[in-house]
Amino acid sequence: MTGSRLFSPRWLAAGGAVVLAAVLGVTLVLQNSGAACAAPPSTTAKKGKATYFFLEGTLGNCSFPSPPADDLYVALGQHNQYSNGAACGTYIDVAGPKGKTRVKVIDSCPECPAGHLDLSLTAFKKIGAQSAGIIPITYRTVPGAAVPGPISVRVKEGSSQYWLSVLIDNHSNQLSSVKVAGKGGSFKNASREDFNYWTLPSGAGNGPFKVKITDVYGNSVTVSNIKLSIGKTQKTTAKLGGSVVRQQPESAATPEKKKPATKKATPKPSKTSAKPQPVATTTAAAVPLLESATVAPTTQPAQLDANLAADTPRCS
């Protein structure tokens, strides 16, 4: 399903790094593949290298019916950054010797190690000289990138009331789950294929369907009236977006960040008053940091568990 790359410059750059990339990619695949709830990808800028390739009339491994209209796209390493299809439809900013551009992930690159991006020729020429073949780059995933239109759903060839597979486009961020409900039925969890379709092995009837789409940041949208129209891309009016920054819950705040009331809680004894100040109250308020340090060994694991739970993406 991938494009023809027999003469792509990236073949010259892969070398023996392929085996190492496969090993290093195991952790990322476990975190980001399948229909399980995945963590958001890193948005930190990284250094790497870029080559270019041609689709030559074939589809990329993400199965999109056609490349982006601006011809700006990229293939990522199959066993690491592509993450078994999880990266499909996301966007990456790439900067090279001549400039920068934004590309859409539409394909996998089996021989590319982590940090090796295989660009469309159009994208490659925006940031470097074609004659160079291989250029140094910096790149980063773009959360919440602008998309060319609202959500679209394509029903895969071979689908029926007994087996259903759908392709979701224009979602920008990685998806964590896709659920489908048949007419009058309840939502069923679909499983992500490495070619970017979401499949219900038992189907969902003859339709029309409701499709609930959720991304790794917890943004969710439900599109209705999706018909069992084989091989047809069905446009909707729904957009999937929203905040991509996780807010720290109040329960996860640390005592050290709160302003201690030490000065207000330790007034000097009055010369005219024979009544002593309450010692227990002033002592407890005067040493909040010491108190925290004393109990830290028993409370820290529980606090870490709470932080991890709070940072887990919603897959509803």
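Look up a bit, the structure's there.
Predicted model only: the values in this text are computed from it and were never measured. (Residues numbered from 1 in each chain as written. Predicted model: local features only at pLDDT ≥ 70, side-chain atom pairs only at ≥ 80, totals over all residues. Heavy atoms only, no water.)

Draft legend 1. Summary view of the state of the cysteines. Overall, the coordinates contain two disulfides when judged by the stated rule. Here C109 is linked by a disulfide to C112, with a sulfur-sulfur distance of 2.0 Å. Between C109 and C112, the S-S dihedral sits near 65 degrees, and the bridge is therefore right-handed. Judged by its relative accessible area of 2%, C112 is buried. (Disulfide = S-S within 2.5 Å. Buried < 20%, exposed > 50% of the residue type's maximum accessible area, 1.4 Å probe, protein only.)

Draft legend 2. Quick look at the pattern of salt bridges. Evaluated as defined, the whole model comprises four salt bridges. Across the pair R102 and D93 runs a salt bridge, and its minimum N-O distance is 2.7 Å. The partly exposed category is assigned to D93, whose relative accessible area is 21%. Residue R154 pairs with E157 through a salt bridge whose shortest N-O separation is 2.6 Å. With a relative accessible area of 42%, E157 lands in the partly exposed category. (Salt bridge = Lys/Arg side-chain N within 4 Å of Asp/Glu carboxyl O.)

Draft legend 3. Region of the structure containing the sheet that holds strand β11 (residues 191-192). With respect to topology, five strands assemble into an open sheet ordered β11-β12-β8-β7-β15, the strand pairing being antiparallel. The open sheet has two edge strands with one neighbour each: β11 and β15 (233-235). Sheet analysis places strand β7 (residues 152-155) next to strand β8 (residues 164-169), joined by four bridges and oriented antiparallel. Looking at β8, one finds that S152 is bridged to D169. (Pairing = 2+ DSSP bridges. Helix = DSSP H or I, 4+ residues; strand = E, 2+ residues; numbered from the N terminus.)

Draft legend 4. Structural view of the nonpolar core. Core analysis: the largest hydrophobic core is formed by 32 residues, its most contacted members being I92, V94, L117 and L119. Secondary structure elements with two or more residues in this core: β1 (46-53), β2 (73-77), β3 (91-95), β4 (100-109), β5 (116-120), α3 (121-127) and β6 (135-141). Apart from the residues within four sequence positions on either side, L117 is in contact with K49, A50, T51, V74, A75, L76, Q81, I92, V94, I137 and Y139. Of all hydrophobic cores here, the second largest spans 21 residues; its members include V166, V180, W198 and F209. (Core = buried A, V, L, I, M, F, W, Y, C linked by side-chain atoms within 4.5 Å. Contact = heavy atoms within 4.5 Å.)

Draft legend 5. Focus on the sheet that holds strand β13 (residues 209-215). One open sheet holds the four strands; their spatial order is β10-β9-β13-β14, and the pairing between them is antiparallel. A strand with exactly one partner marks an edge of an open sheet, and here the two such strands are β10 (188-189) and β14 (220-226).

Draft legend 6. Examining the pairing of β5 more closely. Burial analysis of β5 places five of its five residues in the buried class, which makes it a mostly covered element. The pairing of β1 with β5 spans five bridges and is classified as parallel. Each bridged residue has a counterpart across the sheet, and for F53 the counterpart in β5 is S120. Sheet topology note: the β2/β5 ladder contains two bridges and is antiparallel. Within β5, the residue paired with A75 across the bridge is D118.

Draft legend 7. Just the environment of I134, in detail. Within the secondary structure layout, I134 lies in the loop between α3 and β6. Given the relative accessible area of 35%, I134 is considered partly exposed. As a C-alpha pair, I134 and D118 span 16 residues in sequence and 9.6 Å in three-dimensional space.

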